[in-house]
Amino acid sequence: MKILILGGTAESRALAGALAKRPDCAVTLSLAGRTAKPLQQCVPTRTGGFGGAEGLAAFLRDENIDVLIDATHPYAAQISANAARASELASVRLLALRRPAWGKAQGDQWIEVETIADAVEALGAAPRRAFLALGRKEIAPFERAPQHTYLVRSVDPVDPPLAVPHAIYLTARGSFNEADDRALLERHRIDVIVAKNSGGDASYGKIAGARALHLPVVMVKRPALPEAASVETVEDALAWLNHAITAAATRGV
Ligand code: NAP
């Protein structure tokens, strides 16, 4: 079975790793190419956009892909929409691997907003010390609120830096645990966090840290994603694939 995994997440890497040595699967992983030095992957990897849904559909046809797995980040809404459309255009089965969102726990002070622009507004007029736990390409709207001090953590450096007088940049690749993130929040005297509801363990440290320190979190809501057969874990994705492989073998495909 020829499988294309749309990746860029810990789950896509784990799924590719689990399938790498199987003789009944030929897996290609696709990355957008956002990070300068992506982690080593254990299956053949291609990098860069396909040129929209039509481009992805053409790739599926040209490479004779049997199954497309959308294991992208829950906020990567464009590629997920493209995956749904391309699977229709090329008549290729689609499975979405979507990690569940974090739920609010007792003590959490979340201010939920629709967009990053709304998150800027939610910080208010008075100067604050905000930890921006967002992608480095998404933080430009905070230039509209230069009265705040920003702590920005990203995998690659923010270049150019934000056009604001007070910003501190850290480069680091997750995962991030609660103890370390709590220490970070305290060290930088952070009084508010801006985050996405990414789900999973790798970036939960700041959420747990905020709860422990009684800090508010401006939480940007998840975007709407297309309807698709979906699972929440790598194990369930493997079970779905095993079923698809058995069904194809029974049909003699
Ligand atoms: P996006 O806005 O949904 O996609 C924008 C365009 O980037 C797509 O139309 C596609 O270009 C290309 N693209 C995205 N993911 C791709 C992939 N896996 N393989 C090939 N092309 C891809 O995506 P995004 O939010 O910028 O995320 C980009 C990547 O970073 C994804 O792989 C995602 O899993 C990962 N990521 C995103 C976030 C986040 O918060 N958004 C967080 C962690 C990791 P074409 O239309 O030309 O095909």
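I will try to describe carefully the structure that is included in this document.

Reading the values: rules and limits
- Residues numbered from 1 in each chain as written.
- Predicted model: local features only at pLDDT ≥ 70, side-chain atom pairs only at ≥ 80, totals over all residues.
- Heavy atoms only, no water.
- Helix = DSSP H or I, 4+ residues; strand = E, 2+ residues; numbered from the N terminus.
- Rg over C-alpha atoms; globule rule 2.2 N^0.38 Å.
- Buried < 20%, exposed > 50% of the residue type's maximum accessible area, 1.4 Å probe, protein only.
- Contact = heavy atoms within 4.5 Å.
- Areas by Shrake-Rupley, 256 points an atom, 1.4 Å probe, with all protein chains shown as cover.
- Lys, Arg positive; Asp, Glu negative; His and termini not counted.
- Charge placed at Lys NZ, Arg CZ, Asp CG, Glu CD.
- Core = buried A, V, L, I, M, F, W, Y, C linked by side-chain atoms within 4.5 Å.
- Pairing = 2+ DSSP bridges.
- Axes fitted to C-alpha atoms, helices over the stretch in contact; angles between N-to-C directions.
- Phe/Tyr/Trp six-rings, centres within 6.5 Å; stacked < 30°, edge-to-face > 60°.
- Lys NZ or Arg CZ within 6 Å of the ring centre and 35° of its normal.

Some details on the overall build of the chain
When you go through the chain residue by residue, the secondary structure sums to seven helices and 12 strands. Against the globule reference of 18 Å for 253 residues, the chain gives a C-alpha radius of gyration of 20 Å, in line with a compact fold. Expressed along its principal axes, the backbone C-alpha trace of the chain runs to roughly 65 × 35 × 30 Å. When burial is assessed residue by residue, the chain has 45% of its 253 residues classed as buried. Within the chain, residue pairs in contact and separated by at least 24 positions form 65% of the contacts whose partners lie at least 6 positions apart. If you sum the accessible surface of the chain, you get close to 12600 Å²; carbon and sulfur atoms cover 51% of it. Considering the chain, the positive charge centre built from 29 side chains and the negative charge centre built from 27 side chains are found 3 Å apart.

Observations concerning the nonpolar core
What tends to happen in soluble globular proteins is that the nonpolar side chains get buried as a cluster. I3, I5, L15, L19 and I69 are the most contacted members of the largest nonpolar core, which has 23 residues in total. Looking at this core, the elements that each hand over two or more residues are β1 (2-6), α1 (10-19), β2 (26-31), β4 (67-70), β5 (93-97) and α7 (234-251). The dominant element in this core, judged by the number of residues it contributes, is α7, at seven residues. Once residues within four sequence positions are removed from consideration, I5 is found in contact with S12, L15, A16, L19, V27, T28, L29, S30, I69 and A71. Core analysis: the next-biggest nonpolar cluster, separate from the first, contains 21 residues, L134, V158, V194 and V220 among them.

Considering the sheet that holds strand β6 (residues 109-113)
Within the open sheet, the six strands sit side by side as β6-β11-β10-β7-β8-β9. Their pairing is parallel. Whereas interior strands pair on both sides, the edge strands pair on one side only; in this sheet they are β6 and β9 (167-171). Looking at each pair of strands side by side, their axes are set apart by 20 degrees on average, direction ignored. Here strand β10 (residues 192-196) runs beside strand β11 (residues 216-220); their pairing, made up of four bridges, is parallel. Residue pairing for β11: I193 is matched across the bridge by V217. Across the sheet, helix α6 (residues 205-212) is in contact with β6, β7 (129-133), β10 and β11; its angle to β10 comes to roughly 150 degrees.

Some words on the packing of aromatic side chains
For the structure shown, the criterion picks out three aromatic pairs. Ring geometry for F50 against F59: centres 5.2 Å apart, planes inclined by 70 degrees, an arrangement best described as edge-to-face. Here the two residues F50 and F59 agree in accessibility, since each one is buried. A ring pair is formed by F142 and Y150, whose centres lie 5.6 Å apart and whose planes are at 65 degrees; its orientation type is edge-to-face. For the pair F142 and Y150, a shared accessibility class is recorded, and that class is buried. A cation over an aromatic ring shows up here: R153 above the ring of F176, its NZ or CZ 3.4 Å from the ring centre.

As for the pairing of β2
Sheet analysis places β1 next to β2, joined by five bridges and oriented parallel. If you follow K2 over to β2, its bridge partner there is A26. In terms of strand pairing, β2 meets strand β3 (residues 45-47) through three bridges, oriented parallel. Each residue of the ladder has a partner; that of L31, found in β3, is T47.

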